[in-house]
Amino acid sequence: MSFLNPAAGWFAFIIPLIILLYLLKPKYQEQTISSTFLWEQLIKDIEANRPWQRLKKNLLLFLQLLAAFLLLLAMSRPYIPVAGYNDSHVIAVLDCSSSMMATDVAPSRFVVAQKQIEQLINNMSYKDQMTLIAMGEEPQVLAAASRNKKELLRAVTSIKPGRESAALDPVLEIISALAQDSTNCSVIIYSDGRTQPAKHDVKLSCPLEFKKIGQEKDNIGIRTLAARESDNHMIVLAQMQNYGDKIAQVDVELFAEDKIMDIRPTSLEPDEVKNLIWEDVPDNTKYIKINLNHKDCYNLDNEAYAVVPNQDRQRILLVSAGNIFLEKAWGILPNVELYKTSPDNYDKDLSEYTAYIFDGFIPGELPHGNILVVNPPAGNSLFPANGVMKNIKEINLAASDDELLKYVDTENWQILESQQIECPTWCNPLAKYQNNMLLGRGELNGKKIALLTFDLHKSNIPLQTSFPILVNNLSNWLLPESTSNITLDASERTFTLDIPPQTGEVIVEKDGEVVGKYTHPFPAAFPVYDPGLYKITRIAGTEQEVSYLAVNQINALESNIAPVRLPLKYYADNNSGNKKLYNYELWKYLIWLLLLVLIIEWEVYRHGY
Amino acid sequence: MRKDNLMGIFYDQEFLTRLERLTFTLRHIKAGKNSGNRRSPIKGHSVEFADFRGYSRGDDMRYIDWNSYARTEKLFVKLFLEEQDLLLNIFIDTSESMKFGHPSKAELAKQVAGALAYMGLASYDQVAVAGCSNHLNGLRPLRGKSAVNQVWHFIDNLNFSGITNLDLSLCEFGRYSHHPGLSLVISDFISNNKFREGTKYLRYLNQDVILLQILSPEELKPELRGDWRLLDSETGEILEVNINTEILKAYQRKLKNLNEEIRKFCLQQGIIFLSHCSDESFEDIILRSLPAAGILE
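All values derive from a computational prediction rather than experimental measurement.

What follows deals with the overall build of chain A. Helices and strands together make up the secondary structure of chain A, namely 10 helices and 35 strands. The buried share of chain A, taken over its 609 residues, is 35%. When contacts within chain A are restricted to residue pairs at least 6 apart in sequence, those whose partners lie at least 24 apart make up 69%.

In terms of helices and strands, chain B carries 11 helices and 12 strands. Expressed as a percentage of its 297 residues, the buried residues of chain B come to 38%. Sequence separation of at least 24 residues holds for 76% of the intrachain contacts in chain B that already meet a minimum separation of 6.

Next up on the list: the interface of chain B and chain A. The interface of chain B with chain A comprises 31 residues on the first partner and 22 residues on the second. Residue assignment for the side of chain B that touches chain A shows that the elements contributing at least two residues are β10 (226–232), β11 (238–243) and α10 (245–269) of chain B. Ranked by the residues each element gives to the side of chain B that touches chain A, the list is headed by α10 of chain B, at 7 residues. Relative to β10 of chain B, strand β2 (residues 29–33) of chain A is paired through 5 bridges, and the arrangement is parallel. Residue Q29 of chain A lies in a different strand from β10 of chain B, and its bridge partner there is W228 of chain B.

A few words now on the packing of helix α1 (residues 14–23) of chain A against helix α3 (residues 59–75) of chain A. Residues and elements named next belong to chain A. Between α1 and α3, the least distance of the axes is 9 Å, while the angle of their chain directions is 165 degrees. It follows that α1 is roughly antiparallel to α3 by the angle criterion. Like other packed secondary-structure pairs, α1 and α3 cross with a definite hand, here right-handed. Facing I14, I15, I18 and Y22 of α1, the residues of α3 in contact are L61, Q64, L65, A68 and F69. Considered class by class, the residues forming the contact of α1 with α3 number 8 nonpolar, 1 polar and no charged.

Residues and elements named next belong to chain A. The 5 strands lie next to each other as β6-β5-β4-β8-β10, forming an open sheet whose pairing is mixed. Every other strand in the sheet has two partners, leaving β6 (140–146) and β10 (208–212) as the edge strands with one partner each. The sheet shows a mean angle of 15 degrees between the axes of neighbouring strands, taken without regard to direction. Where strand β4 (residues 89–95) meets strand β5 (residues 129–135), 7 bridges bridge the pair, whose relative direction is parallel. Bridge pairing links V93 to I133 in β5. In the packing of helix α4 (residues 109–122) onto the sheet, the strands contacted are β4, β5, β8 (185–191) and β10, and the crossing angle to β4 comes to about 170 degrees. Running at roughly 165 degrees to β6, helix α5 (residues 149–158) makes contact with β5 and β6 of the sheet.

Moving on to the nonpolar core. Core analysis: the biggest nonpolar cluster contains 83 residues, and I91, A92, V93, L94, Y190 and A306 of chain A have the highest contact counts within it. If you tally residues by element for this core, the top one is helix α6 (residues 168–181) of chain A, at 6 residues. Residues V185, L211, I243 and F273 of chain B belong to the second largest nonpolar core, which totals 70 residues.

Right, let's talk about α5 of chain A for a bit. All names here are of chain A. All of the buried residues in α5 are L152, A155 and V156. The arc enclosing the buried residues of α5, seen along the axis, measures out at 100 degrees, which places them on a common side. Exposed side of α5, more than 90 degrees from the buried face: K150, R154, T157 and S158 are the residues found there. Considering only its buried residues, α5 is in contact with α4, β5 and β6.

A regular strand carries its side chains on alternate faces of the sheet. All names here are of chain A. As paired elements, strand β30 (residues 505–510) and strand β31 (residues 513–519) share 6 bridges and run antiparallel to each other. Counterpart to K510 in the pairing with β31 is E513. From the end of β30 to the start of β31, which pair antiparallel, there are 2 residues, and D511 there has a positive phi angle of about 50 degrees. Alignment of β30 against strand β33 (residues 532–540), held across 6 bridges, turns out to be antiparallel. Paired with V506 across the bridge in β33 is R538.

Here the amide bond leading from H520 of chain A into P521 of chain A is cis, since omega sits at -10 degrees, within 30 degrees of zero. Structurally, the position occupied by P521 of chain A is in the loop between β31 and β32 (526–527). At the junction of H102 of chain B and P103 of chain B, the peptide bond is cis and its omega measures out at -10 degrees in the coordinates. With respect to the helices, strands and loops of the structure, P103 of chain B is situated in the loop between β4 (87–93) and α4 (105–122). The phi dihedral of A145 of chain A is positive, around 40 degrees, even though this residue is not glycine. Note that A145 of chain A resides in strand β6. Given 16 C-beta atoms within 10 Å, A145 of chain A falls into the partly exposed group. Positive phi, close to 60 degrees, is recorded for Y124 of chain B, a residue that is not glycine. With respect to the helices and strands, the residue Y124 of chain B is situated in the loop between α4 and β5 (126–132).

Take the sheet that holds strand β16 (residues 287–293) of chain A next. Residues and elements named next belong to chain A. Here 4 strands make up an open sheet; going across it, the order is β14-β13-β16-β17 and the pairing antiparallel. Each of the sheet's edge strands pairs with one partner strand only, and the pair in question is β14 (259–268) and β17 (303–307). Across the sheet, the mean angle separating the axes of adjacent strands is 20 degrees when strand polarity is ignored. With 9 bridges joining them, strand β13 (residues 248–256) and β14 adopt antiparallel strand pairing. Bridging across to β14, L254 finds its partner in D262.

All names here are of chain A. Within the fold, I371 resides in strand β21 (residues 370–374). Taking C-alpha positions, I371 is 5.7 Å from A355, a pair spaced 16 residues apart along the chain. Those residues in contact with I371 that sit more than four places away from it in its chain are A355, Y356, F358, L366, K447 and I449.

Residue and element names in this part refer to chain B. On average, residues of chain B score 82 in pLDDT, and 85% of them reach the 70 mark or higher. The least confident element of chain B, judged by mean pLDDT, is strand β1 (residues 35–44) at 48; the most confident is strand β12 (residues 272–277) at 93. Under a pLDDT of 50 for its full length, residues 31–36 has, in the predicted model, 24 contacts with residues more than four places off or in other chains. Across residues 39–44, confidence stays below pLDDT 50; counting only partners more than four residues off in sequence or on other chains, it has 18 contacts. Across the predicted assembly, pTM comes out at 0.45 and ipTM at 0.76.

Below, the discussion takes up the environment of N380 of chain A. Residue and element names in this part refer to chain A. Tracing the backbone shows N380 in the loop between β21 and β22 (385–392). N380 gets classed as partly exposed once you count the C-beta atoms within 10 Å, which come to 17. Between the C-alpha atom of N380 and that of F361, which follows or precedes it by 19 residues, the distance is 8.7 Å.

Below, the discussion takes up the confidence of the model for chain A. The predicted model of chain A has a mean per-residue pLDDT of 83, with 90% of residues at 70 or higher. For residues 572–578 of chain A, every residue scores under 50 in pLDDT, and the model assigns this stretch 7 contacts once sequence neighbours within four places are set aside.

All names here are of chain A. Checked against the element boundaries, F526 lands in strand β32. Take F526: there are 20 C-beta atoms within 10 Å of it, and that puts it in the buried class. Once the C-alpha coordinates of F526 and R493 are considered, the two residues, 33 residues apart in sequence, prove to be 8.4 Å apart. Those residues in contact with F526 that lie beyond four places of it in its chain are T494, F495, L497, V508 and G516.

Calculation notes
- Residues numbered from 1 in each chain as written.
- Chains lettered and ligands numbered in written order.
- Predicted model: local features only at pLDDT ≥ 70, side-chain atom pairs only at ≥ 80, totals over all residues.
- Helix = DSSP H or I, 4+ residues; strand = E, 2+ residues; numbered from the N terminus.
- Buried ≥ 20, exposed ≤ 12 C-beta atoms within 10 Å, placed from the backbone.
- Contact = placed C-beta atoms within 7 Å.
- Pairing = 2+ DSSP bridges.
- Axes fitted to C-alpha atoms, helices over the stretch in contact; angles between N-to-C directions.
- Parallel < 35°, antiparallel > 145°, perpendicular 65-115°, else oblique.
- Left-handed = near helix turned anticlockwise from the far one by under 90°.
- Nonpolar A, V, L, I, M, F, W, Y, C, P; charged D, E, K, R; others polar.
- Core = buried A, V, L, I, M, F, W, Y, C linked by C-beta atoms within 7 Å.
- Arc of directions from axis to C-beta.
- pLDDT = per-residue confidence, 0-100.

Shown next, in the form of structure tokens:
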């Protein structure tokens, strides 16, 4: 401890002054009493006939000396050097990934990190500023270069840990941009190091410090859970891993809907991955649940749900004069029951199909289901053609990340001839040739419509490996998920739902409580919250269609909770050289203490101790 | 009873009647020289039968129990309790310190002495009251209710001043009386044991001794705090003292020890020691405390 104002030491003369006051004989009040016989025996020591008396044990003297000492100390402005970032801009990054919810440090890693940031805020001087970033999958700047401690503290307490993994790259990009504008900037990342690794080398112009949060790696988690029906019985596969470094005994509980079906004691070596299979689950079960009856530091991955996929086959009508490629590609899809007819035999009464494929034909009146149009005929009103394109080799992808083009390689596609079609406003072109659409999709009057502008016979596409993939993507998009069920992983916060036009209301429930109620217009994506099982009810008049959605916290990156160094190459853990010391003054506390001592001194004097 | 008399103000008729019903009940009560209303330990010739004893030559033939002779053919003499008077000596410390206190110790001392004197005179006992300084300043023994006013007047006019040495004053008692009796010494007894020799001398004179200590509330629980110059009311000695809680606690411990020493001394000497505060009512002391101590009944 040092002093900013040592000159105040001159004030120390008050201490001998107080002692002198106690040494000097006080002014007495006179009182006649019956006899001084008893008093004489008590006070022989103060009877001395001197101008000063012996210094006695006196509480008041002690308190007054203490008060004088505290005043002297406060005036000297003592300080202690504190590791911090005085007169600087601190960028504090808090990892909000789900592994921060591990409880190896009480109460949790996240709360410990929050407290450390709060302490940093409280230690800020009035000149300091802080930027607070919550590091999730997407970074969130909660306070930018703020000197307002209240605002910063409020921002820290408002952060909640998420379910997804934290991504370093976007955070580093923000830090890089902030550091360029700030001269005296430093970065502190509070994390357990379990983040998605940085893909790019980031050069920061400011020091970066990593505060590693967490100690233990004790965790057993579910890695995979799947259930499917096969030949009138159901098979459930659960995969779990011991992420810890000790042998673990765990009871794996299997629930079919809400009924417990089996408890299987399982032993897992350190880092062992074990698969468990059940084959005797009732075949009409809608969902199953696996629970690991084991206490570890990270509980979120100890429970998982799986919704059993519905095996109902979808009916599709192929209206074509004859297209072996379409017949084969659609016919082998496991959930598709393909029916064929020719354009001449097509009747508008054929309305019981889920989807329609019109090859070289478009009826005057479109049916109710979703539609794939291949090679639309000239003169149709849905996709009016302006002409014909020939010898198409270089195909431009207008939306390469579209779900219809997922894993589809178009590089070797060659098309001999295609209709030159002007893209309708409701339709998004996905692949183009010279600004003319080759592949597109859109929704018209609640119907999903996809379009291939060319005859497959006049292209090499059916011979490419990407063709069955394209067909599979088309079927996933065109066939409604009305009866199929979905499982979401930890990173997904929304789910999409195919809603038939007649649906009036959608109710989302979790654990018997309604968490969402939706009517027209329905959102494109429905939000989900905590992991668990969601029940989705689509109401159309008097009819209700129930499906389930499982949201699991299955993420190997997060389940492996062992704290590690940040997946960055250039920074050093022990970068105390970047840390600055500033003077943390103590006079405020001393003044409060002085006030307290004075109150006690007054009370002591009042009671005459 | 004269109403302007201090005693007259405090004693009502009902209280006096109650006093008359009380008698001294000390175990070793000593017989006086005159007949009185009090039972004497000496067997005598009153009407109250006490015991038999064998006849011996020289006994009064009138007291031979002839009925016993008829039954046993042995001569027995009947013994009767002789009723004699009591010599009650009341010594009041008249030092300056007795004026101290609210109410003063002297006031209570006078009231208690007056009440006991009345009780003795009403019982046709001999009562002598004396003020003690360094000398004994007293009345000759008086007897009968007619002497009440004289005794009360004497008590009323006691002058509380100067220094008292009970050893000196009590030792003068031997000059006036050698008869056994009951001696009551009223004082604060805050002195350097300057009462022990005197009380021992009273015991030597065959007196049943009662020491009645009267302390003021200010002495029992001083409420002084801070720096005080204390003046001794008797000696004028000055003592400068810083009084705090610790000092006050030590004072009370000292006072307690002093009283314990007196009590121990009294126990050894067969003396009754009573301690009262001057703010207590004298009626309570006479009607409750003294009977409870076995002095009155």
